[in-house]
Amino acid sequence: MATRTATKASARERLLEAANELFYGEGVQTVGIDRVIEHAGVAKASLYNTFGSKEGLVCAYLEFRYVRIRDRITRTLTGFRTPREQLLGVFDALREAFTDPGYNGCAFVRATAEAPADSAISRAAENYRTWVRGLFTELATKSGYADPEELARQLHLLYDGAGQSARMDRDPSAATTARAAAAALLDAAPLAKSPTNV
């Protein structure tokens, strides 16, 4: 029984690794399920038993990317002391991604480009975007800004724009430029009044 479970986990892992390499490198719509199966070296039944469909595999691939991004950002932020420094540190985590020779743009933008708005793929992308916006909002709130939601929205636009620029212009320094713009934005954003000042 333990061997069968280990084999299933191994097949799932191989399918996810193959999906990550092929979907991220060539695109979700371009890569057929047979290529993923062949690349993973598993039986077709393994894919359908594990993920149910190509859409299920795409959602698992996006979850895999989301966890990697979240872990990279979280790890990077441990190097900063204050919430304000961490807000800027998010852009340092982007720089790490952009300088990777395999960087090929935002996996979520690419996967949802042709997916229906109400699809599981779009919902998987929305989970990731909600986390990013939530992180910015939480750090802006802890930093004491007057309108943390609006500031988070602005920082998220910089985050998205940096990713597009890094991909389209092949410019890894886009993260540094976005970080400088974020710093200017933070300097200009009003702080909440403390109770003693009200």
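Right above here is the structure, for reference.
This write-up is about the structure you can find in this document. Please read all numbers here as calculations on a predicted model, not as lab measurements. (Residues numbered from 1 in each chain as written. Predicted model: local features only at pLDDT ≥ 70, side-chain atom pairs only at ≥ 80, totals over all residues. Heavy atoms only, no water.)

### Re the packing of aromatic side chains
Piece 1. Per the counting criterion, the structure on display carries seven aromatic pairs.
Piece 2. Taking the centre distance of 6.2 Å and the plane angle of 65 degrees together, the rings of Y66 and W131 count as edge-to-face. Residue Y66 is found in helix α4 (residues 54-77), and its partner W131 is found in helix α7 (residues 120-142); the two are separated by 65 residues along the sequence. Comparing Y66 with W131 shows no difference in burial state: the two are buried.
Piece 3. Within the aromatic cluster, the residues linked to one another by ring pairs are Y66, F108, Y128 and W131.
Piece 4. Its end group placed over the ring of Y24, R65 keeps NZ or CZ at 3.8 Å from the ring centre.
Piece 5. The ring centre of Y66 lies 5.4 Å from the NZ or CZ of R70, which sits over that ring. (Phe/Tyr/Trp six-rings, centres within 6.5 Å; stacked < 30°, edge-to-face > 60°. Helix = DSSP H or I, 4+ residues; strand = E, 2+ residues; numbered from the N terminus. Buried < 20%, exposed > 50% of the residue type's maximum accessible area, 1.4 Å probe, protein only. Lys NZ or Arg CZ within 6 Å of the ring centre and 35° of its normal.)

### As for the packing of α7 against helix α8 (residues 148-168)
Piece 1. Across the interface, α7 lies against α8 with an axial gap of 8 Å and an inter-helix angle of 130 degrees. Classified by the interaxial angle, the pair formed by α7 and α8 is oblique. At the point where α7 passes α8, the crossing takes the right-handed sense. For the pair α7 and α8, the contacting residues are Y128, R129, V132, R133, F136, T137, A140 and T141 in the first and P148, E149, L151, A152, R153, L155, H156, Y159 and D160 in the second.
Piece 2. Among the residues making up the contact of α7 with α8, the classes are represented as nine nonpolar, three polar and five charged. (Axes fitted to C-alpha atoms, helices over the stretch in contact; angles between N-to-C directions. Parallel < 35°, antiparallel > 145°, perpendicular 65-115°, else oblique. Left-handed = near helix turned anticlockwise from the far one by under 90°. Contact = heavy atoms within 4.5 Å. Nonpolar A, V, L, I, M, F, W, Y, C, P; charged D, E, K, R; others polar.)

### With respect to unusual backbone geometry
Piece 1. Even without being glycine, R170 reaches a positive phi, approximately 50 degrees.
Piece 2. Here R170 shows up in the loop between α8 and α9 (174-188).

### Things to note about the pattern of salt bridges
If charged atoms from side chains of opposite charge come close, those side chains can pair.
Piece 1. This model, assessed by the stated rule, comprises nine salt bridges.
Piece 2. The partner of R75 in a salt bridge is E96, with the nearest N and O atoms 2.7 Å apart. Residue R75 is found in helix α4, and its partner E96 is found in helix α5 (residues 83-98); the two are separated by 21 residues along the sequence.
Piece 3. A relative accessible area of 47% places R75 in the partly exposed class.
Piece 4. A relative accessible area of 38% means that E96 is categorised as partly exposed.
Piece 5. Residues joined in a network through salt bridges with shared partners are D92, R95 and R179. (Salt bridge = Lys/Arg side-chain N within 4 Å of Asp/Glu carboxyl O.)

### Structural notes on α8
Piece 1. Taking 1.5 Å per residue as the helical rise, α8 with its 21 residues ought to reach 30 Å, and the 30 Å between its terminal C-alpha atoms agrees with that figure.
Piece 2. When α8 is considered as a whole, its buried residues turn out to be P148, L151, A152, L155, H156, Y159, A162, G163 and A166. Around the axis of α8, the buried residues are gathered within 140 degrees of arc, so they sit on the same side. When the buried face of α8 is taken as reference, the exposed residues oriented beyond 90 degrees from it are L157 and M168.
Piece 3. Contacts from the buried residues of α8 go to α4, α5, α7 and α9.
Piece 4. Just downstream of α8, R170 is the residue with a positive phi angle, here 50 degrees. (Expected span 1.5 Å × (residues − 1). Arc of directions from axis to C-beta.)

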